[in-house]
Amino acid sequence: MFAPRVAVLLVACVSLASAGTRQLSVDVQPPATLVTELQEYRLAEHITPVNYNITLRPYLLETDGNKRFTFDGEVFIEVISNQTTNDISLHSKNLTYSVREYWQKPTTGVANPTAIQFGATNTTNYDTDIVKLTASTALTANTAYILHFVYTGLMEDDMHGFYRSSYVDDNNVTKWLGSTQFQTHHARRAFPSFDEPQFKATFDVTLKRHRTFNSASNTCLISFESQHGRVRTSTTLLGIFTDVYKTTPKMSTYLLAFIISEFVARKDDDFGVYARPEYYTQTQYPYNVGIQILEEMGKYLDKDYYSMGNDKMDMAAIPDFSAGAMENWGLLTYRERSLLVDESATTLASRQAIAAVVAHEQAHMWFGDLVTCKWWSYTWLNEGFARYFQYFGTAMVEDKWELEKQFVVDQVQSVMAMDSTNATNPLSDENTYTPAHLSRMFNSISYNKGATFIRMIKHTMGEQQFQKALQEYLKKYEYESSLPEYLLGAWQANWPNSSYNASSEDIFKSFTEQVGYPLINVTVGNGQVSFTQKRFLLKENDGSDSSLKYFVPISYTTSEVNNFLNTTPKFILKPDVTTTVLFNETPKWILVNVQETGYYRATYSDANWHAIHQALITANWGGIHENNRAQIVDDLFNLARAGYVTYNLTLDVIEYLETETHYIPWTSAFNGFNYLTIRLGNDTSDFNYYIQTLTNKAYNQLGFGEASNDTALDIYLRTKILSWACRYGSTDCISQAKGYFQSLATVPKNIRSTVYCVGLREGGETEFQALYNKFKNETVATEETLLQNSFGCVKTQSLIEKVFDLIISDEIRRQDKSSVLSTLYTENNENVSPVFALVTQKYEALAEAMGGYSAVATVISNIAARFTTNQQLTDLENFNKANGTKFGSSQATLTAAEATVKENLQWATAKLGVFRSYLANYRSGSAMVNAFSALSLLMVALVTMLRN
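For every chain, the first residue of its written sequence is number 1, and the numbers climb from 1 along that sequence. Thresholds applied to this predicted model are a pLDDT of at least 70 for local features of residues and 80 or more for the giving and counting of side-chain atom pairs; totals over whole chains, interfaces and linings are not thresholded and use all residues. Hydrogens and waters are ignored; side-chain quantities use all the structure's heavy atoms.

Under an unreviewed UniProt entry, the name given to the protein chain is Aminopeptidase, and the source organism is Drosophila simulans. UniProt positions are given in the numbering used here, feature names are shortened, and annotations may be inferred rather than shown by experiment. Per UniProt, the comment on the protein chain under Subcellular location (unreviewed entry) is "Cell membrane". Under the UniProt heading Catalytic activity (unreviewed entry), the note attached to the protein chain is "Release of an N-terminal amino acid, Xaa-|-Yaa- from a peptide, amide or arylamide. Xaa is preferably Ala, but may be most amino acids including Pro (slow action). When a terminal hydrophobic residue is followed by a prolyl residue, the two may be released as an intact Xaa-Pro dipeptide."

What follows is the structure, given as C-alpha cells:
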C-alpha cells in the first residue's frame, strides 16, 4: 500500500515517499480495555479457510430508498480444522446476519447435507471484532466444512471496508460508486472472514449491480447475466446484472477488491486503467508506464506477473481514497491524483510520483501478494520492498530521473529523524496486536527504513547475488506467508563469503530487531584511521536506549583515492570494538559511507571536517559525489541539532552551498534549514539575506525559464530554489512570480507551485478569488491538488478564516483536508498562532469534517511543534485543560504536544542564539565586504583621475 504524506505544496511530490507507498493515515483507536488482553486480538489458528464464495449486491441509487448505501451479502467459506472442535472464531464488523449455519462439505456430485445452525452461545468482542461461534455438532479434524452466512452491511463514507464514494460529472450530476479498502483489518466489514494476512485462501466473487453500473474485481469477468437471462452484450436495458469473476490466486483477505461504478477503461486483453469518463484522456501515461514496469519487474525477479495465477492487471482511480494507493491483486486502486496524468497540466514531479506509486503497487504483486508477511509485525517485508522498487523499479523504465540519487534524500535521510527519538519502533515489532498497533506499523520505519535496510544489504552482498536471492525467496515461499528469517535465509544462501557472510545474521538482526541506527566516530591521525560507534539520538534523556550497538557495514574513501563509485563495505564494525585502518600516510580527509549506502551517520574531528570543507570549495566540489555532499549537509545539521558538533562548524562547512547547483545536496540543505526557520518564528530578516546569498548562484543559473537541456533534477531544483527565494524576500523572485500570476492560464506547469503561492502570499482577496475560481473549474486531479494546497499561502486574517472554512466544508474532500490545512500554518510562520486559534475555537466542527477527534489532535500537535513563545505554550495548556477529556484516547497526543513545545523552547534557549549570531555576522560581514569593495573602486577611480 502506498501511504500519502501531508504535502506542503505539490512540489513535495518530488519526494517519492509522498508518491510513495501507500502508507496508511494513522487511525488512532481506543486502547484495549482491561477485559481484552492483547493476545485476544489474534484469531485461533486451528481453523484454516480454503475458499470464499462471495456474492454482494450494493444499493447506490436514489430509487433504492431506505436500502441506499447498504449492501446485501452472502458467503460460503470452506474451512478445515486441524483438530476436532466446536469453536469457530472469525472476524465480523457492522454486519447484520439473517443466516448463520454450516455443514460438512460433500464429495463431488453429492447434494449438500442439511444445514446445521450455530448454537445460541455465540459471542462478539467489539474491541477485537472477533465473533466466536459454537458448532452444535463438532467439526471433525482434517475435514472440509462449509460456513454459510447471509447478511447486510453499510456502505459508509469513511473510505474503509466496502464504502461509497462520489464525484460530479460534466453535467453537474453527482455520481455514486462503491469501492473497497480492506488493509489492514477492514475486509470484515464486507464479509465475515479470517481477516489476518496469514490466513490465505482463494476467492470466488459475484457482484450484482443495476444496469447503469459496471463492475470490476481482482480477476477476469467470466460471465454476466441479467435477471431475464444471460446476455452477451452490455446493451440490455432492463434488470440487475450478475457479474461472475474467475477464482483468485491463494491470497490474504486484505487483497480482495471490487468496484461498482460508471467508470470507463483504457485496456487491452491483459491490462487496463479505470477512471470516471471525464478523465479517460488522463489514463494514457499510467497505462503505458504500468505495462512497462510490470514487465520489467517480472524480468528482474524471474517471475512474470501473468504466470502467478492472475491473467489480468487493472488500475483504478477512486475519487475518495484513504491511502495513496492499494495493492489489491489484479485491481490496484489509487487516489485520482496518484494515477492520472494530463500532459499539459501535470508537473514532472507529479508525473514521477505517479510512475513511482505504480511501481510501488506493482512490486507488491510479488512482495505482499504472492509472498505475504505472516503478521503486521513484519509489515516491512511487504512495504520495505515496495518502497525500494518504487525507486529502482521505476528506474527500469524511466531512466533519466536519477532515482537512485533521489532515494538518499527521500528515504534514507527522511527516516533518520524519527528513528533517532523515543517515538520509533523496530522494523520487526512483536508488540503488534490492536488496530492502533497495526496503524503504527504503516509508518516511515516499515517503508523508508525497510527500503533503506534492503538497499544497504544489496550494496553489502552485491547486486547479482541480491537479485538471485530475491528470485529464490519468491519461488520458495510463493502463495505462503513469510517471516524475516525466511528472507535472511535466502540472502545468506547467496551472500558471498568475501562480503562478510559470517556477519550477515548479526547485521540483519541488529538493524531489524533493534530500533535506531549508529553514529560512526572517525578519528584520523598518525597514518591511521580509527572507527567506533554509539547510537545516534537527537535528544538526551528522552527515554531512548542509548546503549544499543550494531553490526555496521563500513565503506569509505579518502582524498588520495577519491573513489565514490565503489560502495562495497571495507569491513564490518562490530559492537564495542574499535577498528583501526592503517595508511601509508595520513589522508588529508576521509569520508565514510560512500554514496550514503549504509544506514548510519558519521562524524569526524574538526580538522577533518574543515579539510572536507576545503575540498568542497575547489573545482567540481573536490570530486565528492553529490550523494555524499548531501550526506555531509544532512549529517552536520543533525549533529549540530543534537549537540555532537557546534553550529559554527556546521554553518562554516555548508557555506560551500554558495557554489552548489545540484538538487540532491540542496534538498538536504533545505530540510536542515526548515527546522531552524521554524524555530526562528517570525524573525527571519537576517535569514532572508543569508538564504538569498547562499542560493544566488543556483537562482541565477536556473531562473524561472525552463531550458531544453534541463534534467529532471534541474527542474526539481528550480522549484525548490524559487520557493525559498520568493518566500524569504527576493524582490526579483517575487516580482517575476507576480508577473506570471497575472496570466494564470499560461503559467508553466513546473513553476506553478511557486507562482500560485507567491500570488496569494503577496496578494489579497482578488488573487485568492482568481485561484479559487480556477480550482472550482479544474478537471485535472494533480492540478486540483496543487491549487487547493496553495490556498494555505494566504496571510491576511480574513483569508486565513476563509480557507479554514473551506477546509471544514464539503468542497475539500476528507482525504485532502489535512494536507490543505497544513499549508495554512507551514507556508507562513506568521500564520501559526491565527490557525491555532481557529482550530481550537472550531475543533468540534473540524472533528466532524475530518472524521474524528484523533485527526484534530494530530493537527494541534503539528501546529504546536511550530510554537516559539511561552504564550503559545500557555494557550495550548489552557486548551488542553479545558477540552482534553473530549478527545478520549487522543488526549495523550495533546499532552505529548505540550512536552514537545517545552523541549523546543529549551532547545531554542540553548542553541538558537548561536544561529542568530551567525546570521547577523554573515550579513554584517557581507556588508563590510561590499562597503570595502565600493571604497576600493572609489580609490582606484580617484587615483586614475589624479594621474590623468
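> Got a minute to help me understand the UniProt feature "domain: ERAP1-like C-terminal" (unreviewed entry) in the protein chain in this structure?
In the numbering used here, UniProt assigns the "domain: ERAP1-like C-terminal" (unreviewed entry) feature to residues 589-898. Numbered from the N terminus, helices here are DSSP runs of H or I no shorter than four residues, and strands are runs of E no shorter than two. Structurally, residues 589-898 is divided into 66% helix and 2% strand, and its ends, taken at the C-alpha atoms, are 43 Å apart.

> Quick question: what am I supposed to make of the pattern of salt bridges here?
Two side chains of opposite charge can pair, provided their charged atoms sit close to one another. Salt bridges are defined as contacts in which a side-chain nitrogen from Lys or Arg sits within 4 Å of a carboxyl oxygen from Asp or Glu. In the structure shown here, the tally under the stated rule is 46 salt bridges. The partner of Glu402 in a salt bridge is Lys405, with the nearest N and O atoms 2.8 Å apart. Residues Lys795 and Glu830 are paired through a salt bridge, measuring 3.8 Å at the closest nitrogen-oxygen approach. With Lys795 in the loop between helix 21 (781-788) and helix 22 (797-808) and Glu830 in the loop between helix 23 (814-826) and helix 24 (832-841), this residue pair connects regions lying 35 residues apart in the sequence. The exposure class assigned to Glu830 is partly exposed, which follows from its relative accessible area of 39%. Shared partners join several salt bridges into a network, and the residues in it are Arg752, Lys774, Glu778 and Glu783. Under the scheme applied here, a residue whose accessible area is under 20% of the maximum for its type counts as buried, over 50% as exposed, and between as partly exposed, the area being computed with a 1.4 Å probe on protein chains only.

> Mind showing me how you'd approach the state of the cysteines here?
Such a bond, covalent and formed between the sulfur atoms of two cysteines, is termed a disulfide. The term disulfide is used for any two cysteine sulfur atoms that are within 2.5 Å. Tallying each qualifying case throughout the model produces two disulfides. Paired through a disulfide, Cys726 and Cys733 show a sulfur-sulfur distance of 1.9 Å. For the disulfide bridge between Cys726 and Cys733, the dihedral angle about the S-S bond is near -95°, and by the sign convention the bridge is left-handed. Of the two residues, Cys726 and Cys733, both sit in the buried class. Each disulfide pairs two cysteine sulfurs, and for Cys757 the partner residue is Cys793, the sulfurs being separated by 1.9 Å. Measuring handedness by torsion sign, the sulfur bridge of Cys757 and Cys793 sits at about -100° and is left-handed. Here Cys757 is found in helix 19 (residues 752-761), whereas its partner Cys793 is found in the loop between helix 21 and helix 22, with 36 residues between them in sequence. By relative accessible area, Cys793 is classed as buried at 0%.

> When you look at the UniProt feature "domain: Peptidase M1 membrane alanine aminopeptidase" (unreviewed entry) in the protein chain in this model, what are you seeing that I'm missing?
Mapped onto this numbering, the UniProt entry annotates "domain: Peptidase M1 membrane alanine aminopeptidase" (unreviewed entry) at residues 285-492. Structurally, residues 285-492 comprises 52% helix and 8% strand, and the distance from its first C-alpha atom to its last is 39 Å.

> Even after reading the chapter, I still don't get the packing of helix 11 (residues 606-616) against helix 12 (residues 626-642), so can you show me in this structure?
For any two helices packed against each other, the geometry is given by the interaxial angle and the distance between the axes. With their axes 12 Å apart at the nearest point, helix 11 and helix 12 run at an angle of 140° to one another. By the angle between their directions, the pair helix 11 and helix 12 is classed as oblique. Relative to helix 12, helix 11 is oriented so that their crossing is left-handed. Within the contact between the two elements, helix 11 uses Trp609, Ile612 and Leu616 and helix 12 uses Arg629, Ile632, Leu636 and Leu639. Fitted lines through C-alpha atoms give the axes, limited to the stretch in contact for helices. The angle between two N-to-C directions lies from 0 to 180 degrees. Each angle gets one of four labels, with under 35 degrees taken as roughly parallel, over 145 as roughly antiparallel, 65 to 115 as roughly perpendicular, and the rest as oblique. In this scheme the crossing of two helices becomes right-handed for a clockwise turn of the near helix relative to the far one and left-handed for an anticlockwise turn of less than a right angle. Throughout, a contact is declared for two residues whenever any of their heavy atoms are within 4.5 Å.

> What should I look at first to understand the environment of Tyr922 in this one?
Here Tyr922 shows up in helix 28 (residues 891-947). Polar contacts here mean pairs of N or O atoms no more than 3.5 Å apart (in protein, one a potential hydrogen donor and the other a potential acceptor; neighbouring residues in sequence count only if both atoms are side-chain atoms). Among the polar contacts listed, one links the side chain of Tyr922 to the side chain of Glu658, at a separation of 2.5 Å.

> Where do I start with the layout of surface pockets in this structure?
Where empty space is left becomes clear once a probe the size of a water molecule has been rolled over the atoms. In this structure, the second largest pocket encloses a volume near 1100 Å³. As for the second largest pocket, its lining consists of 42 residues, and the residues nearest its centre are Ser166, Tyr167, Asp810, Glu811 and Arg813. At the level of secondary structure, the elements contributing two or more residues to the lining of the second largest pocket comprise strand 9 (161-168), strand 10 (174-181), helix 20 (765-776), helix 21, helix 23 and helix 25 (843-850). In terms of residue count, the dominant contributor to the lining of the second largest pocket is strand 9 (five residues). Residue classes in the lining of the second largest pocket are distributed as twelve nonpolar, ten polar and 20 charged. As defined here, a cavity is a set of points on a 1 Å grid over the protein atoms alone where a 1.4 Å probe fits but cannot get out. A pocket is an open set with protein on both sides within 12 Å along at least five of seven lines, and residues line them when an atom is within 4 Å of a point. Grid points are joined across faces, edges and corners, and a volume is the space filled by probe spheres set on the points. Each residue receives one of three labels: charged for Asp, Glu, Lys and Arg, nonpolar for Ala, Val, Leu, Ile, Met, Phe, Trp, Tyr, Cys and Pro, and polar for the others, Gly being one of them.

> Even after reading the chapter, I still don't get the environment of Ala355, so can you show me in this structure?
Tracing the chain through its elements places Ala355 in helix 3 (residues 348-363). Separated by 39 residues in the primary sequence, Ala355 and Thr394 have C-alpha atoms spaced 6.5 Å apart. The contacts of Ala355, once residues within four sequence positions are left out, are Tyr285, Val289, Ile293, Thr394 and Trp401.

> Before we go on, may I ask you to explain the domain arrangement of the protein chain in this structure?
For interface size, the figure often reported is the accessible area lost on association. Segment limits for the domains were obtained from an automatic or database-derived domain assignment. Each assigned domain of the protein chain is listed here: domain 1 (40-227 + 236-262), domain 2 (376-515) and domain 3 (518-650). The centre of domain 1, based on its C-alpha atoms, is set 33 Å off from the matching centre of domain 2. Facing the eleven residues of domain 1 at the interface are eleven residues of domain 2. Carbon and sulfur atoms make up 62% of the surface buried where domain 1 meets domain 2, a total of about 1000 Å² over both sides. For any pair of parts, buried area is found by adding up, for both, the accessible area (1.4 Å probe) each one loses once the two are put together. Considering only the side of domain 1, the residues that lose the most area to domain 2 are Tyr41, Thr184 and Lys250, jointly responsible for 40% of the buried surface there. Applying the counting criterion to the domain 1 and domain 2 interface returns one salt bridge.

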